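Breakdown of the fold
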Amino acid sequence: MNWIGRTLGTYQVESQIGRGAMATVYRAYQPQLARWVAVKTLNMGEGSQEFLDRFRQEARAVAALRHPNILTVYDYGEQEGVAYLVMEYVPGGALKTRLSGRPFPWLEALKLLLPIGYALAYAHEQGIVHRDIKPANILMPRDDWPLLADFGLVKLLGSQKGITRPGAILGTPAYFAPEQVTAGSVDFRSDVYSLAIMLYELLAGQPPLMGASPIETMQRRLQESIPPVSLYVPGLPTQLELILMRALERNPEARYQTMDEFVRELSWLRGDTGQAVIPNTGAGQTTKATTNLRGSSLPSDAVPAVGAHLVVIGTGVTLPLPQQPEVVLGRVNVRSLQPPGIDLEPHGGGQAGVSRQHACLRQQGGRWLVEDLQSTNGTFVNERPLSPGQPVALRHGDTIRCGRLMLVFYAQ
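Residues numbered from 1 in each chain as written. Predicted model: local features only at pLDDT ≥ 70, side-chain atom pairs only at ≥ 80, totals over all residues. Heavy atoms only, no water.

1. A short note on the overall build of the protein chain
- Along the backbone of the protein chain there are 8 helices and 21 strands.
- Within the span of the protein chain, comprising 412 residues, buried residues form 51% of the whole.
- Of all intrachain contacts in the protein chain linking residues separated by at least 6 positions in sequence, the fraction that spans at least 24 positions is 58%.
- With an accessible surface of roughly 18,600 Å², the protein chain has 50% of that area assigned to carbon and sulfur atoms. (Helix = DSSP H or I, 4+ residues; strand = E, 2+ residues; numbered from the N terminus. Buried < 20%, exposed > 50% of the residue type's maximum accessible area, 1.4 Å probe, protein only. Contact = heavy atoms within 4.5 Å. Areas by Shrake-Rupley, 256 points an atom, 1.4 Å probe, with all protein chains shown as cover.)

2. Things to note about the side chain of Ser194
- Residue position: Ser194 is located in helix 5 (residues 188-204).
- Excluding anything up to four places from it in sequence, Ser194 contacts Ile133, Tyr175, Phe176, Ala177 and Gln180.

3. As for the environment of Leu120
- Residue position: Leu120 is located in helix 2 (residues 106-125).
- Accessibility expressed as a relative area gives 0% for Leu120, which makes it buried.
- With 50 residues separating them in the primary sequence, Leu120 and Ile70 have C-alpha atoms 8.6 Å apart.
- For Leu120, the residues in contact, after removing those within four places along its chain, are His130, Ile133, Leu148, Phe151, Asp191, Leu195 and Met259.

4. Thoughts on the layout of surface pockets
- Computed from the structure, the second largest pocket encloses a volume of approximately 750 Å³.
- For the second largest pocket, the lining is made up of 30 residues, of which Pro68, Trp145, Ala352, Arg404 and Leu405 are closest to its centre.
- Listing elements by their share of the lining of the second largest pocket, those giving two or more residues are strand 8 (145-148) and strand 21 (405-410).
- With 3 residues, strand 8 is the largest single contributor of residues to the lining of the second largest pocket. (1 Å grid on protein atoms, 1.4 Å probe; cavity = no way out; pocket = protein on both sides within 12 Å on 5 of 7 lines; lining within 4 Å. Points joined across faces, edges and corners; volume = space filled by probe spheres on them.)

5. Description of the nonpolar core
- In terms of nonpolar packing, the biggest core is built from 77 residues, with Phe151, Leu195, Leu199, Leu203, Leu240, Phe262 and Leu266 touching the most fellow members.
- Considering every element that reaches this core, the biggest residue donor is helix 2, with 13 residues.
- The residues contacting Phe151, other than those within four sequence positions of it, are Val62, Leu65, Ile70, Leu120, Ala123, Ile128 and His130.
- Listed in part, the 23 residues of the second largest apolar core include Leu310, Leu329, Ala352 and Leu394. (Core = buried A, V, L, I, M, F, W, Y, C linked by side-chain atoms within 4.5 Å.)

6. Details of the confidence of the model for the protein chain
- For the protein chain, the mean per-residue pLDDT works out to 81, and 82% of the residues sit at or above 70.
- Between the elements of the protein chain, mean pLDDT differs from a low of 27, seen in strand 9 (residues 289-291), to a high of 96, seen in helix 5.
- Long-range and interchain partners of residues 156-170, a stretch whose pLDDT sits below 50, account for 20 contacts in this model, where long-range means more than four residues apart.
- Contacts of residues 272-306 to residues separated by more than four positions or lying in other chains number 73 contacts, the stretch itself having pLDDT below 50. (pLDDT = per-residue confidence, 0-100.)

7. Re the packing of aromatic side chains
- Within the structure shown, the criterion is met by 3 aromatic pairs.
- With a centroid separation of 6.5 Å and 70° between ring planes, the pair formed by Tyr200 and Tyr232 is classed as edge-to-face. With a gap of 32 residues between them, Tyr200 in helix 5 and Tyr232 in the loop between helix 6 (214-223) and helix 7 (238-247) connect regions that are remote in the sequence.
- Given a relative accessible area of 1%, Tyr200 falls into the buried group.
- Sitting over the face of the ring of Trp3, Arg6 holds its NZ or CZ atom 4.2 Å from the ring centroid.
- A cation over a ring is seen here: Arg246 above Tyr256, with NZ or CZ 4.0 Å from the ring centre. (Phe/Tyr/Trp six-rings, centres within 6.5 Å; stacked < 30°, edge-to-face > 60°. Lys NZ or Arg CZ within 6 Å of the ring centre and 35° of its normal.)

8. With respect to the pattern of salt bridges
- Under the criterion given, the structure shown has 19 salt bridges.
- Among the ionic pairs, Asp398 bridges to Arg264, the shortest N-O distance being 3.1 Å. Taken as a pair, Asp398 in the loop between strand 19 (392-393) and strand 20 (399-402) and Arg264 in helix 8 (residues 259-270) lie far apart in primary sequence, 134 residues in all.
- Its relative accessible area of 1% is what places Asp398 among the buried residues.
- The network of salt bridges with common partners includes Asp260, Arg264, Arg395 and Asp398. (Salt bridge = Lys/Arg side-chain N within 4 Å of Asp/Glu carboxyl O.)

9. Some thoughts on the pairing of strand 16 (residues 367-372)
- Burial analysis of strand 16 places 5 of its 6 residues in the buried class, which makes it a mostly covered element.
- The sheet contact formed by strand 15 (residues 357-364) and strand 16 spans 6 bridges and is antiparallel. Directly across from Cys360, in strand 16, lies its bridge partner Glu371.
- Between strand 15 and strand 16, which pair antiparallel in sequence order, lie 2 residues; one of them, Gly365, sits at a positive phi of approximately 60°.
- Direction of pairing for strand 16 relative to strand 19: antiparallel, over a ladder of 2 bridges. Paired with Val370 across the strands is Val392, a residue of strand 19. (Pairing = 2+ DSSP bridges.)

10. Quick look at helix 6
- Along helix 6, the residues that are buried comprise Thr217, Met218 and Arg221. End-on, the buried residues of helix 6 take up no more than an arc of 95°, which puts them together on one face.
- Buried residues in helix 6 make contact with helix 4 (178-181) and helix 5. (Arc of directions from axis to C-beta.)

11. Overview of the sheet that holds strand 16
- Read from one edge to the other, the open sheet built from 5 strands follows the order 14-13-15-16-19, with strand pairing classed as mixed. The sheet is open, and its two edges are formed by strand 14 (342-343) and strand 19, each paired on a single side.
- Bridge count between strand 13 (residues 326-330) and strand 15: 5 bridges; the pairing is antiparallel. Residue pairing for strand 15: Leu329 is matched across the bridge by Ala359.

As structure tokens, this is what we get:
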């Protein structure tokens with residue numbers, strides 16, 4: 001059904017901006033709030049009450065996700081046999097349109113991938129698996145701000161009989177995990193594989209083992225080993241390739257078992273300034289290893305040389321922690337005689353909902369703790385909300401979210 005020129009609920013549909021096997025996405029106008037939105041319509045068909053009930057439940061779960069790198073869902077409705085989701089409209093287009101087959105420098109690739117990885121780690125903590133990670137589902141409001149879209153629909157359809165045509169493929173085979181092809185158990189590790197395929201594409205200019213058709217691509221992934229990305233891009237850090245190839249293991253048990261573990265390993269490679277800190281050791285050379293707090297092995301020179309600091313997700317800006325017992329995170333208030341120890345205003349703090357006195361970092365017993373200071377929009381550690389007056393100990397690599405501004409804590 002074509003909705004162009006018609007009204008869905010209170011949304012005036014203007015044009016079509018995307019179409020798939022089961023859904024169509026439109027650009028629409030919401031006059032009550034004078035804003036443009038994206039409306040995804042889903043044809044329910046006949047005899048689909050069970051499907052509709054599940055879709056409502058999934059829509060509620062996805063709408064509850066709050067993360068700076070996840071597309072916001074505004075509304076849900078049903079009209080004339082069509083269920084629809086109303087989402088944030090992003091005029092910048094998708095990452096797919098920016099891929100030309102040209103390899104990205106590895107630091108630039110990680111700058112794009114890490115925010116998406118953190119968003120997926122957060123979604124996984126809420127029990128939601130994406131199942132269709134691909135460049136077309138990464139929207140780009142700005143060059144340095146990726147947004148993950150299309151949560152829920154593929155998961156819902158994949159588990160509901162009678163919704164798709166026999167033999168229909170859900171998702172995009174070029175980014176499938178092997179278990180999505182063999183009808184195996186699909187879980188968080190499937191998203192790890194798909195994100196790794198996307199990282200491979202950014203580094204090499206194309207996904208690995210591509211066939212002449214989707215079926216051939218899937219068969220190659222099941223039968224052939226993925227070639228090391230360094231065959232296409234010499235000079236990559238050895239540790240980056242090791243991390244990537246582990247995430248691309250055909251057997252889910254051999255991959256990273258959580259998205260959190262995968263992105264933490266990648267975040268080490270960024271270092272404290274966004275510059276390369278892992279040298280390419282080359283064949284036949286050995287690298288002294290150390291163990292981080294998560295138990296993973298990384299070269300010793302991956303440990304940043306500076307003291308404890310924070311890194312702003314999306315920009316890679318480093319914020320050293322002052323050498324004092326307590327450091328307040330917030331925004332400078334010209335009327336206050338006590339400015340915060342770290343001013344987050346220059347890093348988008350105002351737009352991200354950071355309070356003037358948002359959170360406090362303090363040293364105690366040789367470690368750092370963080371405490372919310374009754375902020376308006378909350379403080380979160382690894383996406384778990386903090387209660388005022390109840391400090392939480394930080395580990396190397398933990399994420400701290402102040403409002404919608406995401407930071408990573410580095411212990412040294």
